Structure formats: structure tokens, C-alpha cells
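Below are the chains, spelled out letter by letter.
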Amino acid sequence: MSMKKLVITEMNYNKEAYAHFGTKFLIGNGYMGVRGTMEEYGAEYMPAVNIAGVYNLASPEKWRESLNAPNPFFAKLFVDGEELSLPNSADKVVFHEHKLCLTCGIHFRKTTFKTAKGNVTIETQRFASMTNFNTLAIKYSVVSDYDCLSKIVSGIDGVVWDINGPHFTSFNVTDNVVTGICDSGVSVTTSAKDIPFGDVTNSKIENGEKSTMNELSFSAKKGVEFGFSKIAFVQTSLDDKISKEPRKANFLLKYDDLRNEQKQYWEEFWKNSFVSIEGDEKAEIALNYSIYSLQIVAPRHANALSIPARGLSGQVYKGAVFWDTEMFMLDYFILNDPKTAKTLLKYRVDGLKGALEKADREGYNGAFYAWESHEDGIEACSKFNVTDVFTGRAVRTYFDDKQVHISSAIAYGMKKYVSMTGDYSILFEGGLDVVVECANFYLSLLTSRIFPKAGSPRKLEILDVVGPDEYHERVSNNAYTNRMAKFVFEFTLEALNIAKKAIKKNPSLYPFPESLNALKAGLKKIIPDMIDPKVNKDGVIEQFDGYFDLEDVSVDEVRSRLKDPREYWGGSNGVAYPTQVIKQADVVTMLAIFKDEFEKETMQANLDYYEPRTEHGSSLSACMYGLLQCFCDVPDCAYPMFLKSAEVDIVAPKKLWAGGIYIGGSHPASWGGAYQMLVYGFAGLKHNTKTKGKSSISFDPHLPKHWKRVSFNMTIEGKKYSVKITHDKVELNQI
Ligand code: BGC
């Protein structure tokens, strides 16, 4: 598939945008993410080398969160004794360009400063190696239009930006190596080697308490480039546990070789994964930016690891994994990189222990997965997850103990993986236990309050939950949660049947205990008794018991009631709580997932009802509305939702701070949601699972009017296809 060069560019220096650009220009390789900040930035401008899957608690009053490594990209320039750095020398900037090349996975920066003698230009290019996971590389070059004496201080900065830190309580610093050590014993080591070029007159190393710096002095001639290239390695004491093949620091690697490898990796990647949208360059760039972004956080180096809700852009949301992975991101990996999809699910297999413990702690059976998951399924969500802006007091929230739909997302992920890849191995590598324990969990949540008349069935309900719309807490019969619980029961039956068949052929696969036969029988009885969603005369499904009785006001009206723009809208004191205004797609998500069970009119009626009442206060919302709009055959209404999802980290963010807490960072669920909209919504892919041993692929396209053709590749059941869709033709070819 032919593709244009994909580049994201910002011209002119904007000091205020440092938090946003750190996210927008992110590079990464799944092992770590590196924020797109300037080389000379210290911790106050939020640079970060954020590591996947390694966490620490700094003190009991703080939150557990992921770790940022000592930063090996730190560099500062001095020319004839004058510091030329951002933001300090912003008034001297005469040219500034900030670029992310998606085609080659390299971050570029070019800044020209005007000094009393002339112009000095810094150019850098840097990347996180996609082929050597622990490795980062940078080339930093300077050219001046006059002769000068220059110094570059280039080193490893151990004064890292933390949200709930500091995490390193001690440091080991030697020449070009900084190790930060946490009280827990977890340590992170960054080592680096600078190779200067140009007329180097002196080079010395200064080691501080937390940092090591190379001072490289140059006698620079007008127009002649000088600077350094650097290869750096980031390693943690948990590499052996997490990584498939932990790498040792290898300073024999050369910058140019690594850069060529990097370009080749991305070239190959785009050959398979580029999505072409003819007729809409903006949408094409935004979607492929989302695809690039998913790829740089994909844990390809690991056996079992998942993607945090804010990717690897920092410690926002504690670096924790949410339902975002299975419900929003997983489809991209299933269709493009099934191995990584399995790695994501194996993370949940490893997390089963934590989920069983959480269920036990909260008084349930089975597996209650962590709302904000850390390694081994540890629950990272605090019971007081929001701070009241007026009193500064922590507010009791119910995200972790009542947002019970989390476990259904895991089972749903398993279902999507096995049916679309045709690979059932995950079930026998712990996945079946996960599914069964999720079913046991929902069984223990069922209640029967309504006494049936003699002869009529009981009605099983789920009370006291938080649905995807987090603003209304402790509600009963949330339509989404109930349907997902029922889905878990249905899929458990399906998975047990698959297992039985496979075990017949190979009994050593799984020890099918008698209790599973009893579970099957129980589930069969229970499924028909689950309470149906309540529907009003217009076909609108009530989000939860009593929702329609709440005050019916507009989102703007609710917003106008805020006394402080940073106030939390949800919870019993929140402005949205007494009203029908919701945070994000809830009933709509349910309809998008189970679309085959509903008439188009019902879906449209619910869209019409819920959309004006939705704040879209979560980046997970727009894509679900957009999907349902496609299913209702109104793709031009879906289009803005698509752009909103795909461009979430490209355009200026709506909210970066909640009180004093940074909540910016990247939005992987939104990228995954945009991808789902493209493939399932606009292209209308349907994979119908096996009936009588056969499955089928079909399309029901709904392209926006101005799109001419959509082309992409995908892998289903181990076969790779190319797909081309226009307004009047679908071409599907095995490749
Ligand atoms: C949303 C959740 C989501 C989380 C992480 C919250 O704002 O309400 O649904 O899982 O962010 O993205």
C-alpha cells in the first residue's frame, strides 16, 4: 500500500505548551515512553522516560505509580559562555520547529537562537529503538554562523519528574551511569555513552548526587557542525521478570546503524499497518497517528504485560491498566499483531491472583479485577480518588469497589481474541480460569428483590454499582453492567464447551473438574432469569433504576452550576449527580457492543436521547457514540466523533489539570476507539464466528460522504487480508 510521509509538526516556540507537547511528540518502544520535551528541560517541564510495568509507592500518603528513569537525553548548550536554552532564552529564538516523524519513529527538534554575534542552531533527532528494547539514541548537533567557543553539557539527569514521588531514595552515580533505588529494592539504571564530533578541545565528567554530566568543549568554526551522538540503556531490576529477552547495555551499537534499523522497522510496519483514507488527509494523518501511538506502547518485549490508560506518557492515573485495554485497544492488536494481543491478555491471567484476592476482600466470589491495575493485578485505585477543590479533602469514590463491570471487560477481551484469531491456546494457559472466575464473581453479585408471582421466573438484578458513566455512583441495574454480566455467563458456557471438545482430543490440556459441569448447569438456568433493561415508550433504555426521574437539564446548564472549573462533576456532591447528565457513553456502549440484538430505531432513539445528555468528559466516549452512529447508518454524524477520538492528543487538550494533579498524558483508548470506528464502523467489518466449523467475514460499509476509499490490511484467524472499500464496492483479498 503506498503511503505519504506522515509527520506531525509544530512551528514557533510556545513555552506554555510544554505539558501538551510532551505528550503529543511522544516516542517509545513498549519498554518505555519518552516525552517529547526539549533536551534542556529539567523536572519542572515534565520530561519523562516512563517505564512499562514497574511501580513503586513513595510513602503511605501517596499513590503507587509507575517509575520514570533517570533521563539520558538531558543536554544544554553554552556559546561563548552564554546559555542558550529553552525556555530561558525564549526571547532569542528566531526559528523553532518540533517534529515527530511517524514514518520513521524519530523525534526532531530545530531551534535557532539569535545572539549578539549571529545565529546558533541546535538540531536534534532521537528515538526509542524498536529493535533493541532497552535502548535510546540521540544525535545533538549545533552550527553557528560565526566562530565561537562552545560547551555542551550532556548527561543523565536523575532529578526526574514524579507525580507521587520522589521514588528513588538513594542513588548510585558513576561516570555515565545513574542508578535510582527505591525503598522496595526496585532499581532503575540508565547508562549512556556520548560520542562527540567536531573540534573537541576538552571533555570532562562531573558526577553529582543524582546525575552524571559530560562537559564537552568545542572550538567551533562558522558553519561547521559539532555535537555528539549518544546511545543510552535503561534497565530495571525487574527486567528478568518482565522482558522476554532482557538486553545488556551494548555500547558497541552505533547511532547510524541503530537509526537505519529504526527506519527499516517502521518501513516494514507501515507496509502492513498504514490505513489509507482517500479524500481526507486530516483523518488519515490522525488515524495513523493513533496507530503509531498504539505501536509505541505495545509491550512486544514482554511475555505478559498490558498498556496503561495514559500509555507511556508519564505517571498519570498511576501508570495503571484499566478496562481501556480490553474494550478499546485490544481490537487493533488482534487485527494487526495478535502476538501482542495475547501478551495483553496474559497480563490478566497473571492478574487473576490479585482479582481473586480483591473479590475476597470485598466480600464476593471469583475474580474482581482491579479497576486500576498494577503488576499481579494489584488494585492501585484509592478509595479516596478525588480531592474536593474547596476543602482540599479527599473524597470517597467508588471506582474500585463498585465499578464491577471491569471483570466483564477481561472476559470480553478473551472472547474477541479467541474468536477473531482462532487461537484458543490462551484458554489453556490460564484464560479459562479467568473466564470461569469472572462468571463466579458475577454470580455472587446477583440478587433477587422482586418476588415473582407463582409460576413466573424470578428476576436477577445487580445492585449498587458504578457503570461506565462514573458520575452516578452506587446505582442499581445499570444496563451496561447487567448485559455484560450476562455476556460473561454466555461466554463462560461457550468457553467451557470449547474446552471440553479440545480436552477430548488432548486430555492433558486442562483438568476439567466436576465443579465446572455444575457451573455450566447453573449458568444455563440463570441466564434467562436476568432482568431485562427497562425501556420507555420511546425505546430509550434506562441507564439505571431511577435515572429517568433525575432532573433533566442540559450539559451546559450543569456546567454553569460549577463554582470552580476544576470541581469533580460526579459523586454525591457533584453537579451532575442529581441530573441526567452523564460523563461518557454508557447505554450507548452497551448498544454498540450488542448491536445485533437491537433494532436500528432503538439504537437511534438512544443516541438521540443520550448524546445531548453526555458531557464526553472521558476520551472513551466519542468513539462509542461514533460506532453506534455508523451502525445507524449516519456516518456523517459519526465523523466528528471519529476526529475527536483520533486527534485527541494532536489538538490542544481540554483538561490538563484536576486541582493540583496533572491529568494530561496520552489517550490510548481513544486511539483504539478511532481504529474500531474505522474498521467496524465506517468499513463495517463483521466477523461472524464459527457455526458448523465455518466462520465468515463480511462488510456493511458506512463511509462519510467525502471519503473516496478506505484501504487497510488485517489478520483474522491467522490469514492476512487486504481490504479496499469505496462507496459502491468492497474488495477483500487474502495476501
Ligand atoms: C474514565 C474511565 C477510564 C479512565 C482511564 C476515566 O476518566 O471515566 O472509563 O477507564 O478514565 O482512561
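Everything below is about the structure shown above.
Conventions we followed
- Residues numbered from 1 in each chain as written.
- Predicted model: local features only at pLDDT ≥ 70, side-chain atom pairs only at ≥ 80, totals over all residues.
- Heavy atoms only, no water.
- Helix = DSSP H or I, 4+ residues; strand = E, 2+ residues; numbered from the N terminus.
- Rg over C-alpha atoms; globule rule 2.2 N^0.38 Å.
- Buried < 20%, exposed > 50% of the residue type's maximum accessible area, 1.4 Å probe, protein only.
- Contact = heavy atoms within 4.5 Å.
- Areas by Shrake-Rupley, 256 points an atom, 1.4 Å probe, with all protein chains shown as cover.
- Pairing = 2+ DSSP bridges.
- 1 Å grid on protein atoms, 1.4 Å probe; cavity = no way out; pocket = protein on both sides within 12 Å on 5 of 7 lines; lining within 4 Å.
- Points joined across faces, edges and corners; volume = space filled by probe spheres on them.
- Nonpolar A, V, L, I, M, F, W, Y, C, P; charged D, E, K, R; others polar.
- Axes fitted to C-alpha atoms, helices over the stretch in contact; angles between N-to-C directions.
- Parallel < 35°, antiparallel > 145°, perpendicular 65-115°, else oblique.
- Near = heavy atom within 4 Å.
- Polar contact = N/O pair within 3.5 Å; in protein donor to acceptor, adjacent residues only side chain to side chain.
- Core = buried A, V, L, I, M, F, W, Y, C linked by side-chain atoms within 4.5 Å.
- Salt bridge = Lys/Arg side-chain N within 4 Å of Asp/Glu carboxyl O.

### Some details on the overall build of the chain
Right, so step 1: Helix and strand content of the chain: 18 helices and 30 strands.
Right, so step 2: In terms of overall size, the chain behaves like a compact globule, its C-alpha atoms giving a radius of gyration of 27 Å where 735 residues would be expected to give roughly 27 Å.
Right, so step 3: Along the first, second and third principal axes, the C-alpha set of the chain runs to 95 × 60 × 60 Å.
Right, so step 4: The buried share of the chain, reckoned over its 735 residues, is 61%.
Right, so step 5: Summarising the internal contacts of the chain: among those between residues at least 6 apart in sequence, 67% fall at separations of at least 24.
Right, so step 6: A total accessible area of about 28,000 Å² is found for the chain, and carbon and sulfur atoms account for 50% of it.

### Here we look at the sheet that holds strand E3 (residues 32–34)
Note: strands within a sheet are paired through backbone hydrogen bonds, in either parallel or antiparallel orientation.
Right, so step 1: Pairing is antiparallel in the open sheet, where four strands are placed in the order E2-E3-E4-E5. The outermost strands of the open sheet, each flanked by one partner alone, are strand E2 (27–28) and strand E5 (65–68).
Right, so step 2: Bridging between strand E4 (residues 49–56) and E5 involves three bridges; their strand directions are antiparallel. By the bridge assignment, Tyr-55 is partnered in E5 with Ser-66.

### Digging into empty space enclosed by the protein
Right, so step 1: Applying the stated criterion to the full structure yields six cavities of 30 Å³ or more.
Right, so step 2: Taken as a whole, the largest cavity holds about 100 Å³ of empty space.
Right, so step 3: Taken together, Glu-10, Asn-12, Tyr-13, Asn-14, Tyr-18, Phe-21, Gly-36, Thr-37, Met-38, Tyr-41, His-96 and His-98 form the lining of the largest cavity.
Right, so step 4: The set of elements that each furnish at least two residues to the lining of the largest cavity consists of helix H1 (18–24) and strand E8 (93–101).
Right, so step 5: Residues belonging to the lining of the largest cavity are distributed by class as follows: five nonpolar, six polar and one charged.

### Comments concerning the packing of helix H16 (residues 621–631) against helix H18 (residues 668–682)
Right, so step 1: Close contact between H16 and H18 brings their axes to 9 Å; oriented N to C, the two are set at 5°. With respect to each other, H16 and H18 are oriented roughly parallel. The segment H16 lies against H18, with Cys-623, Gly-626, Leu-627, Cys-630 and Phe-631 engaging Gly-673, Ala-674, Gln-676, Met-677, Tyr-680, Gly-681 and Phe-682.
Right, so step 2: Along the lines of polarity and charge, the residues of the contact of H16 with H18 split into eight nonpolar, four polar and no charged.

### Description of the layout of surface pockets
Right, so step 1: In this structure, the second largest pocket occupies an estimated 770 Å³ of space.
Right, so step 2: Around the second largest pocket, the lining comprises 28 residues; the ones closest to its centre are Tyr-412, Ile-593, Lys-595, Asp-596 and His-687.
Right, so step 3: Mapped onto the lining of the second largest pocket, the elements with two or more residues apiece are helix H5 (324–336), helix H9 (405–421), helix H11 (479–505), helix H14 (587–593), H16, H18 and strand E26 (685–691).
Right, so step 4: Of the residues assigned to the lining of the second largest pocket, the class counts are 13 nonpolar, five polar and ten charged.

### Considering the site of the ligand
Right, so step 1: Close to the ligand lie Ala-309, Tyr-317, Phe-322, Trp-323, Asp-324, Trp-371, Glu-470, Lys-583, Gln-584, Ser-618 and Leu-620.
Right, so step 2: At 3.4 Å, a side-chain N or O of Tyr-317 approaches an oxygen atom of the ligand.
Right, so step 3: Between the ligand and Trp-323, the relevant distance is 2.9 Å, taken from an oxygen atom to a side-chain nitrogen or oxygen of the residue.
Right, so step 4: When the ligand sits alone it has 310 Å² of accessible area, and the protein chains cover 95% of it.
Right, so step 5: Class assignment for the residues of the shell around the ligand results in six nonpolar, two polar and three charged.

### Here's the deal with the nonpolar core
Right, so step 1: One finds Trp-323, Phe-642, Leu-678, Trp-707 and Phe-712 to be the most contacted residues of the largest nonpolar core, which totals 213 residues.
Right, so step 2: Considering every element that reaches this core, the biggest residue donor is H11, with 14 residues.
Right, so step 3: Sequence-distant contacts of Phe-642, defined by excluding residues within four places in its chain, comprise Ile-277, Ala-283, Leu-287, Ala-674, Met-677, Leu-678, Phe-682 and Trp-707.
Right, so step 4: Counting ten residues, the second-largest nonpolar core is a separate cluster that includes Phe-108, Ala-137, Ile-231 and Tyr-255.

### Observations concerning the sheet that holds strand E29 (residues 719–726)
Right, so step 1: Pairing is antiparallel across the open sheet formed by four strands, whose spatial order is E19-E28-E29-E30. Sheet topology places strand E19 (276–278) and strand E30 (730–734) at the edges, where each strand pairs with a single neighbour. Here the strands of the sheet are splayed against their neighbours by 20° on average, with no regard to which way each runs.
Right, so step 2: Judged from the three bridges that link them, E19 and strand E28 (residues 709–716) form a sheet pairing that is antiparallel. Bridge pairing in E28 places Ile-277 opposite Val-710.

### Considerations on the environment of Ile-410
Right, so step 1: Along the polypeptide, Ile-410 turns up in helix H9.
Right, so step 2: Residue class for Ile-410 comes out buried when judged on its relative accessible area of 0%.
Right, so step 3: It is 7.5 Å that separates the C-alpha atoms of Ile-410 and Trp-323, two residues lying 87 residues apart in sequence.

### Digging into the pattern of salt bridges
Right, so step 1: One pass over the full model with this rule turns up 42 salt bridges.
Right, so step 2: Of the charged contacts, one joins Glu-215 and Lys-151 as a salt bridge, the two residues approaching to 3.9 Å between their closest N and O atoms. With Glu-215 in strand E17 (residues 212–220) and Lys-151 in strand E12 (residues 148–157), this residue pair connects regions lying 64 residues apart in the sequence.
Right, so step 3: Of the charged contacts in the structure, one is a salt bridge between Arg-483 and Glu-490, with a shortest N-O distance of 3.3 Å.
Right, so step 4: Overall, the relative accessible area of 29% leaves Glu-490 in the partly exposed class.
Right, so step 5: Beyond isolated ion pairs, a larger network of salt bridges with shared partners links Glu-362, Lys-383, Arg-396, Asp-400 and Asp-401.

### Here's the deal with unusual backbone geometry
Right, so step 1: A cis geometry characterises the amide bond from Leu-86 onward to Pro-87, with omega recorded as 0°.
Right, so step 2: Note on placement: Pro-87 falls in the loop between strand E7 (82–84) and E8.
Right, so step 3: A cis amide bond links Gly-165 with the next residue in sequence, Pro-166, at an omega value of -5°.
Right, so step 4: Residue position: Pro-166 is located in the loop between E12 and strand E13 (170–174).
Right, so step 5: Even without a glycine there, the phi angle at Tyr-317 is positive, about 55°.
Right, so step 6: Topologically, Tyr-317 is positioned in the loop between helix H4 (281–296) and H5.
Right, so step 7: Using a relative accessible area of 34% as the deciding quantity, one classes Tyr-317 as partly exposed.
Right, so step 8: Not every positive phi belongs to a glycine, and Lys-318 is a case in point at roughly 65°.
Right, so step 9: Position of Lys-318 relative to the elements: it lies in the loop between H4 and H5.

### Topic: the environment of Leu-656
Right, so step 1: The topology assignment puts Leu-656 in the loop between helix H17 (635–646) and strand E24 (657–658).
Right, so step 2: C-alpha of Leu-656 to C-alpha of Phe-489: the two residues are 167 residues apart in sequence and 39 Å apart in space.
Right, so step 3: Dropping the residues within four chain positions of it, Leu-656 is found in contact with Ala-19, His-20, Ile-661, Tyr-662, Ile-663 and Gly-664.

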